[in-house]
Amino acid sequence: MFDSNALGGYTFQNHSANATTIQKIQSQKWNYVVLQAQSQEPSFPPMQVQSQTMPYAHLLDSLVVDNDSCTETVFYMTWGRKYGDQSNCAGYPPLCTFTGMQARLRESYLQMANDNHAIVSAAGMAWKKSWQTDSLINLWSSDNSHPSVAGTYLTACVFYATIFRKPPIGLSYSPIGDSATTAFLQTIAHHTVFDSLAT
């Protein structure tokens, strides 16, 4: 059984006040509840994230725990934009590149997990490792923000490894149609998750 409330552009603050999000969290005892902020939100300057994002991450996690203390909250660490966040680059230079934006996303999502005794599905770090290893595999769609098929598949492999604690290497399903690329992305996901379980 799964359910979702994936509204485009929604921040954690939006979700914390959204009746549908709250109803879905409280609708049954879940094994996992995955929380994803609006893609730019956790990459903003630390003081801004501290005041505008962290309180609502905590509020959403509290709703999860209050509903069932056995449910595990998973914070979905997304990826930086391919060429950074150009709309916010001038005001905060770390966002001018993918690497800088990804570093901020990593920092914020790890803090969310640590502060709330939750776990992270580190899709963004798998994207970074993939991009640094083989930049010819394009993980982004044409808008340089949302995922391509390869990016979606890499993210799915990270979630598989994170939730099931099993290697994604050798999984039979792939929408890519290229066995070498499939194996590469499975391996990247595996190493990202299993090299950093303690983190």
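What comes next concerns the included structure. (Residues numbered from 1 in each chain as written. Predicted model: local features only at pLDDT ≥ 70, side-chain atom pairs only at ≥ 80, totals over all residues. Heavy atoms only, no water.)

## A short note on helix α6 (residues 123–133)
And then number 1: Among the residues of α6, A123, G124, M125, A126, W127 and S130 are the ones counted as buried.
And then number 2: Where α6 is buried, its residues meet β2 (72–76), α5 (98–116), β3 (119–121), α7 (149–164) and α8 (179–194). (Buried < 20%, exposed > 50% of the residue type's maximum accessible area, 1.4 Å probe, protein only. Helix = DSSP H or I, 4+ residues; strand = E, 2+ residues; numbered from the N terminus. Contact = heavy atoms within 4.5 Å.)

## Quick notes on the packing of helix α2 (residues 19–26) against helix α4 (residues 54–67)
And then number 1: Across the interface, α2 lies against α4 with an axial gap of 9 Å and an inter-helix angle of 30°. Considering the angle they form, α2 stands roughly parallel to α4. α2 and α4 meet at a crossing whose hand is right-handed. Contacts between α2 and α4 involve T21, I22, I25 and Q26 from the first element and L60, L63, V64 and N67 from the second. (Axes fitted to C-alpha atoms, helices over the stretch in contact; angles between N-to-C directions. Parallel < 35°, antiparallel > 145°, perpendicular 65-115°, else oblique. Left-handed = near helix turned anticlockwise from the far one by under 90°.)

## A short note on the state of the cysteines
And then number 1: This model, assessed by the stated rule, comprises one disulfide.
And then number 2: One disulfide in the model links C89 with C96; its S-S distance is 1.8 Å. Across the S-S bond linking C89 and C96, the dihedral sits near 90°, which makes this disulfide right-handed.
And then number 3: For C89, a relative accessible area of 14% translates into the label buried. (Disulfide = S-S within 2.5 Å.)

## What about the sheet that holds strand β1 (residues 32–35)?
And then number 1: Ordered in space as β1-β2-β3, the three strands form an open sheet in which the pairing is parallel. This sheet does not close on itself; its edge strands, each paired only once, are β1 and β3. Taken over all neighbouring pairs, the strand axes of this sheet differ in orientation by 35° on average, direction set aside.
And then number 2: For β2 and β3, the ladder comprises three bridges, and the chain directions are parallel. Each residue of the ladder has a partner; that of V74, found in β3, is I119. (Pairing = 2+ DSSP bridges.)

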